[in-house]
Amino acid sequence: MVNWKGLIHYYREFLPVTEKTPVVTLLEGNTPLVLSQDLTNAVGPKVYLKYEGLNPTGSFKDRGMTMAISKALEGGSKMVMCASTGNTSASAAAYSAQSGQLKCVVLIPEGNIALGKLAQAMIHQAQVIAIKGNFDEALTLVKDITDHYPVELVNSINPYRIEGQKTGSFEVCDYLEDAPEFHAIPVGNAGNITAYWKGYKEYKDIGRSTQLPKMLGFQAAGAAPIVLGHVVESPETIATAIRIGNPASWKMAEAARDESGGLIDSVTDDEILEAYKRLASKTGVFVEPASAASVAGILKLSQKDYFANHKNARIVCTVTGHGLKDPNIAIKNVTKPVILDADIKSVLKEIGL
Ligand SMILES: *Cc1c(COP(=O)(O)O)cnc(C)c1O
């Protein structure tokens, strides 16, 4: 959209803001909905990718953060804090910088954060503290601190985060001119599935769409508390953004699943990596591993003929974060380039000409 001014500006009537709210924006939102011909051929219904890696800091977290940081400023906060598997901290750090006045403190699980995300939080001058524990423990600490000190929590249990993130489904409906039949999404702390479902319901309630999608949530097999029905003490997966054993929005995710007639399933790391490589090589969309969980999920369901009677349906997969976030995983999954002399003959020979 020409002259896009950010999602608070565009969707103001659906968001808890007033003229007094100081809007902190990096012009997030308005991300493309890319048709994947490859996945459409494989699955049956048309498959669209909501490419959230194209937000300002490279993930959908910016949708929630423009709201959370604007509201923190409006409320007079001086400091914000979050626990993060990486993208929340990158986003909180950038929006705090743009605010010109908020100090940002982030707690990350030591050793389990992708390189690009760590670089972002640091270069935006957040105070980054690595704790000897996992994400769930980091979040418990942050809750404890923000409950007792004048510090604003900007994790997705902050209701303004959900409000901002629900605009993802507004954009999908605006683009498709209705809600799709299915919406697939990775599930970590479960804020985003909660937000999308809220957005779809609100749009239908005011008549901007005529139907609701079935919500298809996907957790990593080693971090699948909602699928298993119990907390996972030591979640493990290469998809670090969804390496969460006790999701904060657990109940809301179950509500989205049940109200929509959808499901929450798990996908293995191998399935995630397959989908990750497939997206990059056959659709030209480079995402981080967690994002590929939504695509791995629909591929798994299609193998079980889940979409057999829905050939004319549309599936939207939220692909949550950019592939450049986690360069180490990408490098590990490709063969290294050959090294040749700077000589035309050897180059021609190598490329078969
Ligand atoms: C945060 C995040 C998720 C998980 O979203 P939740 O709202 O925690 O369920 C998935 N993928 C990426 C890239 C993320 O940054």
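Higher on the page you've got the structure.
Residues numbered from 1 in each chain as written. Predicted model: local features only at pLDDT ≥ 70, side-chain atom pairs only at ≥ 80, totals over all residues. Heavy atoms only, no water.

Q: An account of the sheet that holds strand 5 (residues 127–131) is needed here, citing residue identities and associated values.
A: The strand order 5-4-3-6 describes an open sheet built from four strands, whose pairing is parallel. Edge strands, defined here as strands with exactly one partner in the open sheet, are strand 5 and strand 6 (152–153). Inspection of the sheet shows strand 3 (residues 79–83) paired to strand 6 by two bridges, in the parallel sense. When the sheet's bridge partners are listed, Val 80 is paired in strand 6 with Glu 152. (Pairing = 2+ DSSP bridges. Helix = DSSP H or I, 4+ residues; strand = E, 2+ residues; numbered from the N terminus.)

Q: Would you mind going over the nonpolar core in detail, with residue names and values included?
A: Within the largest apolar cluster, 37 residues are counted, with the highest numbers of intra-cluster contacts made by Leu 216, Val 295 and Ile 298. For Leu 216, the residues in contact, after removing those within four places along its chain, are Phe 182, His 183, Ala 184, Ile 185, Gly 262, Leu 263, Ile 298, Leu 301, Tyr 306 and Phe 307. Judged by nonpolar contacts, the second largest core, of 30 residues, contains Met 67, Cys 173, Val 187 and Tyr 196. (Core = buried A, V, L, I, M, F, W, Y, C linked by side-chain atoms within 4.5 Å. Buried < 20%, exposed > 50% of the residue type's maximum accessible area, 1.4 Å probe, protein only. Contact = heavy atoms within 4.5 Å.)

Q: Give a detailed account of unusual backbone geometry, specifying residues and quantitative values.
A: Only a minority of non-glycine residues have a phi that is not negative, and only a minority of peptide bonds are not trans. If you check the backbone angles, Leu 27 has positive phi at about 65° while not being a glycine. Relative to the helices and strands, Leu 27 is located in the loop between helix 1 (7–10) and strand 1 (33–35). With phi around 70°, Gln 125 is a residue other than glycine that occupies positive phi space. Looking at the element boundaries, Gln 125 is found in the loop between helix 5 (115–123) and strand 5.

Q: Mind laying out the packing of aromatic side chains, listing which residues take part and the relevant values?
A: Evaluated as defined, the whole model comprises twelve aromatic pairs. With a centroid separation of 5.1 Å and 85° between ring planes, the pair formed by Phe 182 and Phe 307 is classed as edge-to-face. Of this pair, Phe 182 sits in strand 7 (residues 182–186) while Phe 307 sits in the loop between helix 13 (289–303) and strand 10 (314–319), and the two are 125 residues apart along the sequence. Considered together, Phe 182 and Phe 307 belong to a single accessibility category, that of buried residues. A centroid spacing of 6.3 Å and a plane angle of 50° characterise the contact between Tyr 276 and Phe 286, whose relative ring orientation is tilted. Separated by ten residues along the polypeptide, Tyr 276 in helix 12 (residues 269–283) and Phe 286 in the loop between helix 12 and helix 13 bring together distant segments of the chain. Taking the relative accessible area as the measure of exposure, Phe 286 reaches 25% and is therefore partly exposed. Taken together, the ring pairs connect Trp 4, Tyr 10, Tyr 11, Phe 14, Phe 170 and Tyr 203 into an aromatic cluster. (Phe/Tyr/Trp six-rings, centres within 6.5 Å; stacked < 30°, edge-to-face > 60°.)

Q: Describe the pattern of salt bridges, with residues and values.
A: Tallied over the full model, the rule gives 16 salt bridges. For Lys 71, the salt bridge identified is with Glu 74, shortest N-O distance 3.0 Å. In this pair, Lys 71 and Glu 74 both sit in helix 3 (residues 61–74), three residues apart, roughly one turn of the helix. Judged by relative accessible area, Lys 71 falls into the buried class, the value being 15%. Close ionic contact of Lys 117 with Glu 288 constitutes a salt bridge, the shortest N to O distance being 2.7 Å. Separated by 171 residues along the polypeptide, Lys 117 in helix 5 and Glu 288 in the loop between helix 12 and helix 13 bring together distant segments of the chain. Just as Lys 117 is buried, Glu 288 falls in that class too. One network of salt bridges, in which partners are shared, links Lys 50, Glu 52, Arg 63 and Glu 171. (Salt bridge = Lys/Arg side-chain N within 4 Å of Asp/Glu carboxyl O.)

Q: Describe in detail a nonpolar patch on the surface, supporting the description with residues and values.
A: Side chains of Val 338, Leu 340, Ile 344, Val 347, Leu 348, Ile 351 and Leu 353 sit close together on the surface and give an oily, nonpolar patch of about 680 Å² of accessible area. Along the chain, Leu 353 turns up in the segment after helix 15 (344–350). When its relative accessible area of 75% is taken as the criterion, Leu 353 is described as exposed. (Patch = residues over 30% accessible without salt bridge, like charges linked within 9 Å, V, L, I, M, F, W, Y side chains within 5 Å. Areas by Shrake-Rupley, 256 points an atom, 1.4 Å probe, with all protein chains shown as cover.)

Q: Describe the site of the ligand, naming the residues involved and giving the relevant values.
A: The local shell around the ligand holds 16 residues, among which Lys 61, Asn 87, Gly 188, Asn 189 and Thr 320 are the closest. Contact between the ligand and Gly 188: an oxygen atom at 2.8 Å from a main-chain N or O atom of the residue. Asn 189 has a polar backbone atom sitting 2.8 Å from an oxygen atom of the ligand. In isolation the ligand exposes 380 Å². Once the protein is present, 97% of that is buried. Assessed atom by atom at 2 Å from the grid points, the ligand resides in the largest cavity. Put simply, the parts of the chain that give the shell around the ligand at least two residues each are helix 9 (191–205) and helix 13. Of the residues belonging to the shell around the ligand, the class tally is six nonpolar, eight polar and two charged. (Near = heavy atom within 4 Å. Polar contact = N/O pair within 3.5 Å; in protein donor to acceptor, adjacent residues only side chain to side chain. 1 Å grid on protein atoms, 1.4 Å probe; cavity = no way out; pocket = protein on both sides within 12 Å on 5 of 7 lines; lining within 4 Å. Sits in = over half its atoms within 2 Å of the grid points. Nonpolar A, V, L, I, M, F, W, Y, C, P; charged D, E, K, R; others polar.)

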